[in-house]
Amino acid sequence: MPIKCEICSKKNAFLKRPKTGSAACKECFYWAFETEIHHTITSGKLFKSGEKVAIGASGGKDSTVLAYVLRKLNEKYNYGLDLHLLSIDEGITGYRDDSLETVKRNQQQYDLPLTILSYEDLYGWSMDAIVKQIGRKNNCTFCGVFRRQALDRGAMRLKVNKIATGHNADDVAETIVMNILRGDVARLQRCTSIVTGDDPSGIPRVKPFKYTYEKEIVAYAYYKKLDYFSTECIYSPNAYRGHARTYLKDLEAIRPSSIIDIIHSGEMMSVKDGVKLPVQTKCSRCNYISSNAICKACVLLEGLNKGRPKLGIGKTSKVMQHFESSSGPPQTSAPCQGDCSCAASANSSVSRVDSD
Ligand code: SF4
Ligand code: ZN
């Protein structure tokens, strides 16, 4: 006998929800998926009416579903948000160029304005050129740092109040596990927050999918027939994150609640009094927020421009020695973008290697 949907008790179930294990019909799955995100948004007070919000859009499943669902919830619950798509073109031939075509179609499908910023324009370096210089070992470090700053720059250019990203529960759990394994207390605290970068000078980033399982996002995108791009980056994977991901998938197979359990555990952890945490200051080169005198993006860019690409990968002391012995600002072939007032009004948090 077919199993009935546990939500409406009328229709036959068509899937077992990965998050709850409950049987649901298609309509009830959509309803539960969207309603849970709505609850995450309202209980976390992620948005205020009248705000302009940039959705970080890559063309992948997470950001495509985020754009679709945010637009839908905005109308259904009258959030009063002005939604924009903001994409970063890292300059990865055969990957990002194709995924950006998907974002351009999403722009038409969802009728949302789209802005694309490229690494080439912002930094004078595409990821293809960076990989040519540094090889394929530390490429994700460059890419993650530059993307984070690029999103902030785009957000400032659009004058948005918030940036919404498609980080899902699996991503958050992975980051918690990685930070525990690295003993990185400062990042561990930050990565569990649903809103980050909300200091007075930053543009807050919000994660409406913080409690949404990746498998449910895939199912939603697939059954709704959303137009998304599913090819992996040709320069992936980031080996360390890859291991954390595999470990979590193994855990999830035994116990599906592992992902949420890890997130809840991360949220409950607190730092002992007296533990030194990095103090946020401003980069003396570009004025972006940083926990060091010179932000990671500036260090990496200096290394690239001076033919010493490992500069930002090595020890902090070596980096500081380099900057103390070199005079003047780092050479950059990127023209000033105007949104940074040659850095005077810029703000961001680029002190992290991995985006949260
Ligand atoms: Fe960038 Fe690495 Fe992601 Fe590719 S896998 S887009 S290089 S961070
Ligand atoms: Zn800087």
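From a predicted model like this one, the values you see are computed outputs, not experimental measurements. (Residues numbered from 1 in each chain as written. Chains lettered and ligands numbered in written order. Predicted model: local features only at pLDDT ≥ 70, side-chain atom pairs only at ≥ 80, totals over all residues. Heavy atoms only, no water.)

Explain the site of ligand 1 residue by residue, including any values.
Lining the immediate environment of ligand 1, one finds Ile 92, Asn 139, Cys 140, Cys 143, Arg 147, Cys 233, Tyr 235 and Ser 236. Considered class by class, the residues forming the shell around ligand 1 number 5 nonpolar, 2 polar and 1 charged. (Near = heavy atom within 4 Å. Nonpolar A, V, L, I, M, F, W, Y, C, P; charged D, E, K, R; others polar.)

Let's hear about a nonpolar patch on the surface: which residues, and what values?
Together, Val 185, Val 275 and Leu 277 give the surface a local cluster of nonpolar side chains, amounting to about 190 Å² of exposed area. For Val 275, a relative accessible area of 37% gives the class partly exposed. (Patch = residues over 30% accessible without salt bridge, like charges linked within 9 Å, V, L, I, M, F, W, Y side chains within 5 Å. Areas by Shrake-Rupley, 256 points an atom, 1.4 Å probe, with all protein chains shown as cover. Salt bridge = Lys/Arg side-chain N within 4 Å of Asp/Glu carboxyl O. Buried < 20%, exposed > 50% of the residue type's maximum accessible area, 1.4 Å probe, protein only.)

Give me the pairing of strand 4 (residues 82–89): which residues, what numbers.
Taken across its 8 residues, strand 4 has 6 buried, putting it largely inside the fold. The sheet contact formed by strand 3 (residues 52–56) and strand 4 spans 5 bridges and is parallel. If you follow Ala 54 over to strand 4, its bridge partner there is His 84. Remark: the strand 3/helix 2 (residues 61–76)/strand 4 crossover connection has right-handed handedness. Strand direction decides the pairing type here: strand 4 and strand 5 (residues 114–118), joined by 5 bridges, are parallel. Bridge pairing links Leu 86 to Thr 115 in strand 5. (Helix = DSSP H or I, 4+ residues; strand = E, 2+ residues; numbered from the N terminus. Pairing = 2+ DSSP bridges. Right-handed = clockwise from strand over helix to strand, strands pointing away.)

Let's hear about the coordination of the zinc ion (ligand 2): which residues, and what values?
Around the zinc ion (ligand 2), the protein contributes the donor atoms Cys 283 (SG), Cys 286 (SG), Cys 295 (SG) and Cys 298 (SG), which lie 2.2 to 2.4 Å from the metal centre. Around the zinc ion (ligand 2), the 4 donor atoms sit at angles spanning 106 to 114°, and that spread fits a shape best called tetrahedral. For the zinc ion (ligand 2), all donor residues lie on one chain, and their spacing in sequence is C-x2-C-x8-C-x2-C. Given the relative accessible area of 9%, Cys 286 is considered buried. (Donors = N, O, S within 2.8 Å, 3.2 Å for Na, K, Ca; no water. Tetrahedral: all angles 85-135°; square planar, octahedral: opposite > 155°, others 65-115°.)

Let's hear about helix 1 (residues 26–43): which residues, and what values?
The end-to-end C-alpha separation of helix 1 is 26 Å, in line with the 26 Å expected for 18 residues at 1.5 Å each. Positioned one or two residues after helix 1, Lys 45 has a phi angle of 50°, which is positive. (Expected span 1.5 Å × (residues − 1).)

How would you sum up the nonpolar core? Please name residues and give values.
Judged by nonpolar contacts, the single largest core of 41 residues is most densely connected at Tyr 119, Tyr 123, Met 127, Ile 130, Phe 142, Phe 146 and Leu 304. Among the secondary structure elements, those contributing two or more residues to this core are strand 4, helix 4 (119–123), helix 5 (127–134), helix 6 (139–158) and helix 12 (296–305). It is helix 6 that contributes the most residues to this core, 9 residues altogether. Not counting chain neighbours up to four residues away, the residues in contact with Tyr 119 comprise Ile 88, Asp 89, Glu 90, Gly 124, Trp 125, Ser 126, Met 127, Cys 143, Phe 146, Arg 147 and Ala 150. (Core = buried A, V, L, I, M, F, W, Y, C linked by side-chain atoms within 4.5 Å. Contact = heavy atoms within 4.5 Å.)

Could you give an account of the packing of aromatic side chains, with specific residues and numbers?
By the definition in use, this model includes 15 aromatic pairs. For the pair Phe 33 and Tyr 220, a centre-to-centre distance of 4.3 Å together with 15° between the ring planes defines the contact as stacked. Placement of the pair is Phe 33 in helix 1 and Tyr 220 in helix 9 (residues 214–223), with a sequence separation of 187 residues. By relative accessible area, Tyr 220 is classed as buried at 0%. A ring pair is formed by Tyr 222 and Tyr 223, whose centres lie 5.1 Å apart and whose planes are at 80°; its orientation type is edge-to-face. For Tyr 223, a relative accessible area of 31% corresponds to the partly exposed category. Within the aromatic cluster, the residues linked to one another by ring pairs are Phe 29, Tyr 30, Phe 33, Tyr 68, Tyr 110, Phe 209 and Tyr 220. (Phe/Tyr/Trp six-rings, centres within 6.5 Å; stacked < 30°, edge-to-face > 60°.)

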